[in-house]
Amino acid sequence: MNKLSLLGFSLMFGTTAALAQSGRSVAPPLTYPVTRKVDHVDNYHGTSVADPYRWLEDDRSAETAAWVKAENEVTHSFLEKIPYRKQLQDRLEKVYNYPKYSAPSRKGDYFYFSKNDGLQNQSVLYRQKGLDGTPEVVIDPNKLSADGTTRLGAFSLSKDGKYAVVGTSKGGSDWQEYQIMDLATKQYLPEKLEWVKISGAAWQGNGFYYSRYPKPEGSALAAKNENHQVFFHQLNTPQSADRLVFEDAKNPQRFHTLGTSDDERFAFLTVSDRGKGKDGNALYFLDATAKSSIFQPVVSEITNFQYGVIDNIGGDLLIETNADAPNNKVMRFSTTTNMWTVVIPEKPEPLTNSGSAGGKLFVQYSKDVTSRVYVYDMNGKLENDIQLPGIGSASGFGGERDDKFVFYTFTSFTFPPTIYRYDIATKKSTVFRQPEVDFKPTDYETKQAFYTSKDGTKVPMFITYRKGMKLDGSNPTILYGYGGFNISLTPSFSPLLIPFLEQGGVYAQANLRGGSEYGEKWHEQGMKAKKQNVFDDFIAAGEYLIKEKYTSSAKLAIRGGSNGGLLVGAVMNQRPDLFRVAIPQVGVMDMLRFHKFTIGWNWIADYGSADNADEFKFLYPYSPIHNIKPGLNYPATLITTADHDDRVVPAHSFKYAATLQEAYKGPNPILIRVDVNSGHGASNTKKNIEQTADIYSFILWNMGVGTLKEIASK
């Protein structure tokens, strides 16, 4: 069952004394651009709240553009003075420069996969006939724009493999444009489909279902997205001829997405209403063998329970759900009798993913944030578990009904993503493709710690560092967190982390409440009125790292993106003394207005809404912008955002930076880095490496690191 990714969907500080001890001079306080203030006040249920930088919400104004330009000049001037910035960037490029593959997927005689040669801005989509065939390019997104910022966002093959829906996005935006490729000629049909967002492409017969919004009024990157509609597109016809399948104009903030079964018998309509604070979904089906063209309900009422179709067995549907099962279970629903039966009951560990291939069910569980994978028959009888190569994260296992084998990828912090082939008959895994990375995995180790949060809850955290490191409190440490939207931070490998570890750095990843690490109950403990638990968990993680002498306050940095950016912003206000550096990235910083932009209303189910008097009472006390206090000694801060982020609009970071620069008068830099032609994540490899080099440079420099260690290749 696919979980809704809502914000989703990836280092810092030193005192003046520490800087002086490093042997380099302390720079004078920075001069920031003067940000114009306006006399704007909103009334929230009797509470007056000033919003002096409201004008920065206009992403199309010349004044906002001038402000961004001036802030970027200050930021880049600071970063350019760090002597090892280029050295770090060169090392990042070197460790990132190795071939990266996705696991293959089969359609007919062809296997499709993506590959990045090393430093390509975008991965290239290939196919080959059989596993021993010669790869041929299907789509090279690097040729779609001069700067390599146009991305392949969707590739959905028709059931017979003759056509594919190709979705592309520009400059990091969440908006996609759909085209249809004829796979025989690799040429596009004449039609183009615009304003596609929160959508798949579900084939049925001579066309496919997809979801889109009406053309936005005003800014395409900031205007609120409402009235999500489902259409059916028939090949070789213009978008204007598309048939409207479903809309709900009375509930404009609902998501409507549609999928089809492998045999094309069923169309499944999923409806969610997160703007009203509901965390679940309704589910309907349309049976092509029936005479009716009206969607029939599986579950008609939207509650906090989620339902996702795995597969169908004739007229029965296999559905993963958390209804009365916080850790999820698999049920069977009869479309003729409407009867439910249990196929795989709930277990003590959360069920994190389920799928079918080769006539089997592949079901993944998480035990203390590491993967366990089991194979069942279609009736729910356990056949075997899949022996994974270690403690880490597995993904994949999908395929066609007649597949004899499937592929999966396994990774951990020091285990580069390795693709395995699993033979269904023999129940054995073999290495299919293993990467060659310029580092020695055996030089590093990862341990899992369980620390105690403020209310006594035990919280897990992974800590990765070079073997033999001394626990003397002197190690530069990055504490990373997210804590929200039922999303787990699982063990995974990033080549961009290696240069930081090589400098004696420690990387700590805390599994905060609000995620799905221990099922829905863990998620609920970090939602709405309980959001403070997430911040307490993060603060306790920092205190644990200091207590156990991995680091000290002068060497501890915090980093998080999106909902994790909110986390960093809130914790900075609550415990600025605990950290030397803070990196809030693309954060949700205005908790009173987040639902006013693009699909921000979609986050009300996790956060609540300031429009609700009771929910305003718990949002306002932690909202990062509204709790910045003059007189606090804030850590050195590098805020990052981008001009094409239409998920968490850059106005959040703009207003936050202006507020913090105006309030804080201490010696630590407060900078904002605004990327151009990029989005909620870096829009290409080059931008990703440049941003990472800037973040690491900023962290180490503000921790008092004057020079870098020499690194020997493996």
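In this text, all values refer to a predicted model and were calculated from it rather than measured experimentally. (Residues numbered from 1 in each chain as written. Predicted model: local features only at pLDDT ≥ 70, side-chain atom pairs only at ≥ 80, totals over all residues. Heavy atoms only, no water.)

(A) Fine view of the overall build of the protein. For the protein, the count of helices and strands is eleven helices and 39 strands. The globule rule puts the C-alpha radius of gyration for 714 residues at 27 Å, and the 25 Å found for the protein is close to it. Projected onto its principal axes, the C-alpha coordinates of the protein cover approximately 75 × 60 × 50 Å. Per-residue burial for the protein yields a buried fraction of 60% across its 714 residues. (Helix = DSSP H or I, 4+ residues; strand = E, 2+ residues; numbered from the N terminus. Rg over C-alpha atoms; globule rule 2.2 N^0.38 Å. Buried < 20%, exposed > 50% of the residue type's maximum accessible area, 1.4 Å probe, protein only.)

(B) Focus on the nonpolar core. Counting 119 residues, the largest nonpolar core has Met 461, Ile 463, Leu 479 and Tyr 607 as its most contacted members. Excluding residues within four positions of it along the chain, Leu 479 makes contact with Met 461, Ala 508, Ala 510, Phe 538, Ala 541, Gly 542, Leu 545, Leu 556, Ala 557, Ile 558 and Arg 559. (Core = buried A, V, L, I, M, F, W, Y, C linked by side-chain atoms within 4.5 Å. Contact = heavy atoms within 4.5 Å.)

(C) Spotlight on the packing of helix H2 (residues 62-80) against helix H11 (residues 685-702). One way to put it is that H2 packs onto H11 with a least axis distance of 10 Å and a crossing angle of 65°. Crossing angle aside, the handedness with which H2 passes H11 is left-handed. Counted together, His 76, Phe 78 and Leu 79 of H2 and Asp 694, Phe 698, Trp 701 and Asn 702 of H11 form the full contact between these two elements. For the contact of H2 with H11, the per-class residue count stands at four nonpolar, two polar and one charged. (Axes fitted to C-alpha atoms, helices over the stretch in contact; angles between N-to-C directions. Left-handed = near helix turned anticlockwise from the far one by under 90°. Nonpolar A, V, L, I, M, F, W, Y, C, P; charged D, E, K, R; others polar.)

(D) Examining the side chain of Ser 356 more closely. Tracing the backbone shows Ser 356 in strand E24 (residues 351-357). When its relative accessible area of 14% is taken as the criterion, Ser 356 is described as buried. A distance of 2.8 Å separates polar atoms of two side chains, one belonging to Ser 356 and the other to Asp 311. Beyond its immediate sequence surroundings of up to four residues, Ser 356 is in contact with Ile 310, Asp 311, Leu 361, Met 378, Gly 398 and Gly 399. (Polar contact = N/O pair within 3.5 Å; in protein donor to acceptor, adjacent residues only side chain to side chain.)

(E) Broad picture of helix H3 (residues 85-96). Taking 1.5 Å of rise per residue, twelve residues should cover 16 Å, and H3 covers 17 Å from first to last C-alpha, within 8% of that figure. The set of residues buried in H3 consists of Arg 85, Leu 88, Gln 89, Arg 91, Leu 92, Val 95 and Tyr 96. The arc that holds the buried residues of H3, viewed along the axis, is 165°, so those residues lie on one side. Where H3 is buried, its residues meet H2, strand E3 (100-101), helix H4 (498-502) and H11. (Expected span 1.5 Å × (residues − 1). Arc of directions from axis to C-beta.)

(F) Here's a closer look at the pattern of salt bridges. Inspection of every chain in the model, using the stated rule, returns 39 salt bridges. Across the salt bridge formed by Lys 655 and Glu 57, the nearest N and O atoms sit 2.8 Å from each other. One end of the pair, Lys 655, is in helix H10 (residues 651-663); the other, Glu 57, is in the loop between strand E2 (47-50) and H2, and 598 residues separate them in sequence. Take Lys 655 and Glu 57: they sit in the same class, and that class is buried. When the shortest N-O distance is used, the salt bridge between Arg 106 and Asp 402 registers 2.5 Å. (Salt bridge = Lys/Arg side-chain N within 4 Å of Asp/Glu carboxyl O.)

(G) Quick peek at the sheet that holds strand E22 (residues 329-334). Here we have four strands laid out as an open sheet, ordered E20-E21-E22-E23, and antiparallel in their pairing. Whereas interior strands pair on both sides, the edge strands pair on one side only; in this sheet they are strand E20 (307-313) and strand E23 (340-344). For this sheet, the mean angle separating the axes of adjacent strands, direction not counted, is 30°. Where E22 lies against E23, four bridges are found, and the strand directions are antiparallel. In the sheet register, Arg 332 faces E23, and the bridge partner there is Thr 341. (Pairing = 2+ DSSP bridges.)

(H) Expanded view of the pairing of strand E39 (residues 670-675). With six of six residues buried, E39 is to be regarded as a mostly interior element. Side-chain alternation along E39 places Ile 670, Ile 672 and Val 674 on one buried face and Leu 671, Arg 673 and Asp 675 on a second face that is also buried. For strand E38 (residues 636-642) and E39, the ladder comprises six bridges, and the chain directions are parallel. Counted as the bridge partner of Leu 638 is Leu 671 from E39. Following the backbone out of E38, through H10 and into the adjacent parallel E39, one traces a crossover that is right-handed. (Right-handed = clockwise from strand over helix to strand, strands pointing away.)

(I) Highlighting unusual backbone geometry. We note that Lys 427 has phi near 65°; this positive angle belongs to a residue other than glycine. Looking at the secondary structure, you find Lys 427 in the loop between strand E30 (415-423) and strand E31 (428-433). On the accessibility criterion, Lys 427 (39% relative accessible area) is partly exposed. Phi at Lys 528 takes a positive value of approximately 45°, unusual for a residue other than glycine. Tracing the backbone shows Lys 528 in the loop between helix H5 (520-524) and helix H6 (532-547).

(J) The arrangement of the sheet that holds strand E18 (residues 281-287) in detail. With respect to topology, four strands assemble into an open sheet ordered E16-E17-E18-E19, the strand pairing being antiparallel. Two strands close off the open sheet at either side, each with one partner strand: strand E16 (255-260) and strand E19 (296-299). Each strand of the sheet is rotated relative to its neighbour by a mean of 25°, with strand direction disregarded.

(K) Inspection of the side chain of His 680 at higher detail. Along the chain, the position of His 680 falls in the loop between E39 and H11. At 2.8 Å, the side chain of His 680 and the side chain of Ser 562 are in polar contact. A distance of 2.9 Å separates the side chain of His 680 from the side chain of Asp 645, its partner in a polar contact.

(L) Seen up close, the packing of aromatic side chains. All told, the structure shown has 44 aromatic pairs when counted by the stated rule. The interplanar angle of 55° and the centroid separation of 5.8 Å between the aromatic rings of Phe 78 and Phe 698 together place this pair among those described as tilted. On the criterion of sequence distance, the pair formed by Phe 78 in helix H2 and Phe 698 in helix H11 is long-range, its members being 620 residues apart. There is no split in this pair, since Phe 78 and Phe 698 are both buried. Aromatic side chains Tyr 112 and Phe 155 sit 5.7 Å apart centroid to centroid with 45° between the ring planes, which places their arrangement in the tilted category. Taken together, the residues Tyr 112 in strand E5 (residues 110-116) and Phe 155 in strand E8 (residues 150-157) connect sequence positions 43 residues apart. (Phe/Tyr/Trp six-rings, centres within 6.5 Å; stacked < 30°, edge-to-face > 60°.)

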